[in-house]
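Residue strings, one per chain:
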Amino acid sequence: MAQYVKNEEFAEWRCDKCNCELELKKVVVSYLEGSFPVDLPVCKKCGQVFIPESLAIHKMLEIEQQMEDK
Ligand SMILES: [Zn+2]
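Residues numbered from 1 in each chain as written. Predicted model: local features only at pLDDT ≥ 70, side-chain atom pairs only at ≥ 80, totals over all residues. Heavy atoms only, no water.

Once that is clear, we can look at the environment of Glu12. Examined against the element boundaries, Glu12 turns out to sit in the loop between α1 (7-10) and β1 (22-31). With relative accessibility at 75%, the residue Glu12 sits in the exposed group. C-alpha of Glu12 to C-alpha of Leu22: the two residues are 10 residues apart in sequence and 8.8 Å apart in space. (Helix = DSSP H or I, 4+ residues; strand = E, 2+ residues; numbered from the N terminus. Buried < 20%, exposed > 50% of the residue type's maximum accessible area, 1.4 Å probe, protein only.)

Here the focus is the pattern of salt bridges. Applying the stated rule across the entire model yields 3 salt bridges. Lys25 is the partner of Glu23 in a salt bridge, and the nearest nitrogen-oxygen pair spans 4.0 Å. Because the salt bridges share partners, they merge into one network encompassing Arg14, Glu21 and Lys44. (Salt bridge = Lys/Arg side-chain N within 4 Å of Asp/Glu carboxyl O.)

By secondary structure assignment, the location of Val42 is in strand β2 (residues 34-43). For the pair Val42 and Cys20, spaced 22 residues apart in sequence, the C-alpha separation works out to 9.9 Å.

Of all 10 residues that make up β2, 7 are buried, and the element is covered over most of its length. Here 10 bridges tie β1 to β2, and the two strands are oriented antiparallel to one another. Across the sheet, residue Val27 finds its bridge partner in β2, namely Val38. Hairpin connection from β1 to β2: 2 residues lie between these consecutive antiparallel strands, with Leu32 at a positive phi of about 50 degrees. (Pairing = 2+ DSSP bridges.)

The subject of this paragraph is unusual backbone geometry. Of note, the phi angle at Asn19 is positive, near 55 degrees, even though the residue is not glycine. Secondary-structure assignment places Asn19 in the loop between α1 and β1.

Glancing now at the nonpolar core. Formed by Val5, Phe10, Cys15, Cys20, Leu22, Val27, Val29, Val38, Leu40, Val42, Cys43 and Phe50, the largest nonpolar core amounts to 12 residues. Mapped by element, the contributors of at least two residues to this core are β1 and β2. Among the elements that take part in this core, β2 stands out by supplying 4 residues, more than any other. Apart from the residues lying within four places of it in its own chain, the contact partners of Cys20 are Trp13, Arg14, Cys15, Cys43, Lys44 and Lys45. (Core = buried A, V, L, I, M, F, W, Y, C linked by side-chain atoms within 4.5 Å. Contact = heavy atoms within 4.5 Å.)

A few words now on the coordination of the zinc ion. For the zinc ion, the full set of protein donor atoms is Cys15 (SG), Cys18 (SG), Cys43 (SG) and Cys46 (SG), at a range of 2.1 to 2.4 Å. If you look at the zinc ion, its 4 donor atoms make angles of 103 to 124 degrees with each other, and the shape they trace is tetrahedral. Read in sequence order, the donor residues for the zinc ion give the motif C-x2-C-x24-C-x2-C. Of this pair, Cys18 sits in the loop between α1 and β1 while Cys46 is found in the loop between β2 and α2 (53-69), placing the two residues 28 residues apart along the sequence. (Donors = N, O, S within 2.8 Å, 3.2 Å for Na, K, Ca; no water. Tetrahedral: all angles 85-135°; square planar, octahedral: opposite > 155°, others 65-115°.)

Following this line, the structure appears as structure tokens:
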């Protein structure tokens, strides 16, 4: 499974609610009819998942391409 977010990219991010550090966790993202496990930054305290909008679009495109290749 591809890793979409590198540790360096979210190292400086903080949760808006609790100002807590984020850690990489496996999260299932739904897209169209399917769902996909991806590693995304999640707040250690409240479990909030962080997906920058630009990253989400990028990820959707990659998933779509993978599906078409089959
Ligand atoms: Zn939090």
